[in-house]
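Chains, contacts and geometry: an overview
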Amino acid sequence: MRWALIGASRIASSYMIDAIRAQDGAEITAVLSSSAERGAEYAQTHGVAQSYTDLDALLSGAPCDAVYISTTNEKHHAQALACIAAGKHVLCEKPLAMSVSDANEMVTAAEDAGVVFATNHHLRNAGTHLAIREQIQKGAVGDVLSIRVFHAVQLPQDLQGWRIDNPEAGGGVIPDIVVHDADTVRFHLDEDPVSVVAKATASGLGEGVEDSVMSVWTMPSGAMVMTHESFTHAFARTGFEVHGTRGSIVARDVMTQRPVGEITLTDADGPRPIAFDAHNLYVRSLGLYYAATRGQGRPSADGVDGIKSLAVALAVKEAAETGREVVVDYGGR
Ligand code: NDP
C-alpha cells in the first residue's frame, strides 16, 4: 500500500512513519506541507520521494492508495473530504474535526465512497488497555461502578505551539486529550456517555485555551466516570482505574504513547499484577487498519469512534464554559 502524509507533523515523524513502514509492502510516497522548504526538508529527512504544497496536486500526482492526515485539527475536515473524493483510504488524527457535524460529513463521505476511514486513537491498541478490557469482559471486577481517568501531564516544550495558544487550530487540553479519554472509556465499557459536567481552567501556560479540565460523565449503565486532563502536571503519574462490585483494577502510567505501565487487580483474594503484551501501539493500529483496507476486520477505532470521542470532548467544553450539565450530541450516530 502506498501512503501519502498529509501534514509534515511531529506525530508522523515520532511514531507514524515507522508504524506505516512496519507493515508488509507499505511505502510512503509523498508528504504535504504548507511550506515548500519545510516539506522538502521533511521529505529528505524521512526518505519520502516527493513533497507537495497543494493537496490536489498531491492527490493527482503522487502514487498513493491511503493518506494519513496529521495536520492541525481545523484542517482535517477539508483535507479528508478531498482525499475521500479522490478515492483514498483515510487514517485521520484526532480530533477528527472542530464540530460533530463536520466529523459526521467526513465519515459519511467515506462510507458513500467505499473507502476505509479510521481515527488514530492509539490507547485502545495498548497492551495495558487490551488486558484491562479483557479483565472487565471476563467479569473480574463484576459490574462496573466507576472509572477514574488520570491524564494530567506536562505538555513537552516542543509541543507547546498551537496547542496552547490557538483555539482556531484546535488548541486546548479538551480537544487534545479528552478525546482520547472518551475513546478509552467507550472502549472499556462498550457504551457512550450520556451527559457530562465539567470545570476547566487556564493556568497561564498559554493564551486563549484551557490547560486543565476535570469532568464527570453519566453512563447508560449507571457507572460513573471522572476524568482529569492537563498540560501542566509535571509530576502526576497517569492512571486508569476501574472499580466494580467484585474487584478493582488500578493501572498506572498507562495513558501514554509508549508500551509501558503496570496493572493491579484487587478482589477478595487480595492484590495481584495483571500481565500485558508490550507491543508498539501505533504498529498494532496500522496493522488493523491495513487489514481493514483488504476487507479483513475493522480498524481499531473507526470513523464513528472518532465522531463519538469528539462529541464527548465538545460536551465537556460546553459544560465547562456554561457550568451546566450537557447532554452529549452524537449527531445521530
Ligand atoms: P505538529 O505541530 O507537529 O504538526 C502540525 C502541523 O504543524 C504540521 O502539519 C505542520 O504544517 C506544522 N509544523 C510542524 N512543525 C513545524 C515547524 N517546525 N514550524 C512550523 N510549522 C510546523 O503537530 P502534532 O504532530 O503534535 O499533531 C498533529 C495532529 O496529530 C493533531 O491533530 C494532533 O491532535 C494529532 N496527534 C495525535 C496523537 C496520537 O497519539 N493520536 C499524538 C500527537 C498528535 P505543514 O504540514 O503545513 O508543514
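Heads up: these notes are all about the structure in this document. Just so you know, these numbers come straight off a predicted model, no measurement behind them. (Residues numbered from 1 in each chain as written. Predicted model: local features only at pLDDT ≥ 70, side-chain atom pairs only at ≥ 80, totals over all residues. Heavy atoms only, no water.)

**As for the overall build of the chain**
When helices and strands are counted, the chain shows 10 helices and 15 strands. Over its C-alpha trace the chain gives a radius of gyration of 20 Å, about what one expects of a compact globule, namely 20 Å for 333 residues. Judged by the C-alpha coordinates and their principal axes, the chain covers about 60 × 40 × 40 Å. Out of the 333 residues in the chain, the part that is buried amounts to 55%. Long-range contacts, defined as pairs at least 24 residues apart, comprise 68% of the intrachain contacts of the chain with a sequence gap of at least 6. Each charge class in the chain can be summarised by its mean position, and for the 26 positive and 41 negative side chains these summaries are 4 Å apart. (Helix = DSSP H or I, 4+ residues; strand = E, 2+ residues; numbered from the N terminus. Rg over C-alpha atoms; globule rule 2.2 N^0.38 Å. Buried < 20%, exposed > 50% of the residue type's maximum accessible area, 1.4 Å probe, protein only. Contact = heavy atoms within 4.5 Å. Lys, Arg positive; Asp, Glu negative; His and termini not counted. Charge placed at Lys NZ, Arg CZ, Asp CG, Glu CD.)

**Re the site of the ligand**
Looking at the ligand, there are 25 residues lining it, with Ser33, Ser34, Arg38, Asn73 and Tyr282 nearest. Within the backbone of asparagine 120, an N or O atom sits 2.9 Å from a nitrogen atom of the ligand. Within the side chain of tyrosine 282, one N or O atom sits 2.5 Å away from an oxygen atom of the ligand. Coverage of the ligand by the protein chains reaches 82% of its 880 Å² of free accessible surface. In a pocket analysis with a 2 Å cut-off to the grid points, the ligand is assigned to the largest pocket. (Near = heavy atom within 4 Å. Polar contact = N/O pair within 3.5 Å; in protein donor to acceptor, adjacent residues only side chain to side chain. Areas by Shrake-Rupley, 256 points an atom, 1.4 Å probe, with all protein chains shown as cover. 1 Å grid on protein atoms, 1.4 Å probe; cavity = no way out; pocket = protein on both sides within 12 Å on 5 of 7 lines; lining within 4 Å. Sits in = over half its atoms within 2 Å of the grid points.)

**Topic: helix 4 (residues 76–85)**
Burial in helix 4 covers these residues: His76, His77, Gln79, Ala80, Cys83 and Ile84. Just past helix 4, the residue glycine 87 takes up positive phi, approximately 85°.

**Describing the layout of surface pockets**
Of the pockets and cavities examined, the largest pocket occupies roughly 1400 Å³. Taken together, 50 residues line the largest pocket, and the ones lying closest to its centre are Ile11, Leu159, Arg163, Asp176 and Gln257. Secondary structure elements with two or more residues in the lining of the largest pocket: helix 1 (10–21), helix 4, helix 7 (162–165) and helix 8 (173–189). With 4 residues, helix 1 is the largest single contributor of residues to the lining of the largest pocket. Tallied by class, the residues present in the lining of the largest pocket amount to 17 nonpolar, 22 polar and 11 charged. Two domains each put at least three residues into the lining of the largest pocket: domain 1 (2–121 + 284–300) and domain 2 (123–279 + 310–327). What the second largest pocket holds in volume is close to 180 Å³. With 4 residues, the top contributor of residues to the lining of the second largest pocket is helix 10 (residues 303–322). Class assignment of the residues belonging to the lining of the second largest pocket gives a composition of 10 nonpolar, 3 polar and 2 charged. Inspection of the lining of the second largest pocket shows a minimum of three residues originating in each of domain 1 (2–121 + 284–300) and domain 2 (123–279 + 310–327). (Points joined across faces, edges and corners; volume = space filled by probe spheres on them. Nonpolar A, V, L, I, M, F, W, Y, C, P; charged D, E, K, R; others polar. Domains from an automatic or database assignment.)

**Describing the packing of helix 1 against helix 9 (residues 281–293)**
Interhelical geometry of helix 1 versus helix 9 gives an angle of 50° and a closest axis separation of 8 Å. Between helix 1 and helix 9, the interaxial angle falls into the category oblique. Helix 9 is crossed by helix 1, and the crossing has right-handed handedness. Contacts between helix 1 and helix 9 involve Ile11, Tyr15, Met16, Ala19 and Ile20 on the former and, on the latter, Tyr282, Val283 and Leu286. (Axes fitted to C-alpha atoms, helices over the stretch in contact; angles between N-to-C directions. Parallel < 35°, antiparallel > 145°, perpendicular 65-115°, else oblique. Left-handed = near helix turned anticlockwise from the far one by under 90°.)

**Points about the sheet that holds strand 14 (residues 270–273)**
With respect to topology, 9 strands assemble into an open sheet ordered 14-13-12-11-7-10-9-8-15, the strand pairing being mixed. The open sheet is flanked by strand 14 and strand 15 (326–327), the only strands paired with a single partner. Summarising the sheet, strand 7 (residues 144–152) and strand 10 (residues 224–230) pair through 7 bridges and their orientation is parallel. Following the sheet pairing, isoleucine 147 is matched in strand 10 by valine 225. Helix 8 rests against strand 7, strand 9 (212–218), strand 10 and strand 11 (239–244) of the sheet, and its axis sits at about 30° to strand 9. (Pairing = 2+ DSSP bridges.)

**Some details on a nonpolar patch on the surface**
Where nonpolar side chains cluster on the molecular surface, the patch consists of Val197, Val216, Met224 and Met226 and spans about 320 Å² of accessible area. Tracing the chain through its elements places valine 216 in strand 9. For valine 216, a relative accessible area of 33% puts it in the partly exposed group. (Patch = residues over 30% accessible without salt bridge, like charges linked within 9 Å, V, L, I, M, F, W, Y side chains within 5 Å. Salt bridge = Lys/Arg side-chain N within 4 Å of Asp/Glu carboxyl O.)

**So, the sheet that holds strand 2 (residues 27–32)**
Taken in spatial order, the 6 strands make up an open sheet running 3-2-1-4-5-6, and their pairing is parallel. Because the sheet does not close on itself, it has two edges, and the strands there are strand 3 (50–52) and strand 6 (117–119). Taking each pair of neighbouring strands and ignoring which way they run, the sheet shows an average axis angle of 20°. Inspection of the sheet shows strand 1 (residues 2–6) paired to strand 2 by 5 bridges, in the parallel sense. Bridge pairing in strand 2 links isoleucine 6 to leucine 32. On top of the sheet, helix 2 (residues 36–45) reaches strand 1, strand 2 and strand 3; it is set at about 155° to strand 3, its chief contact.

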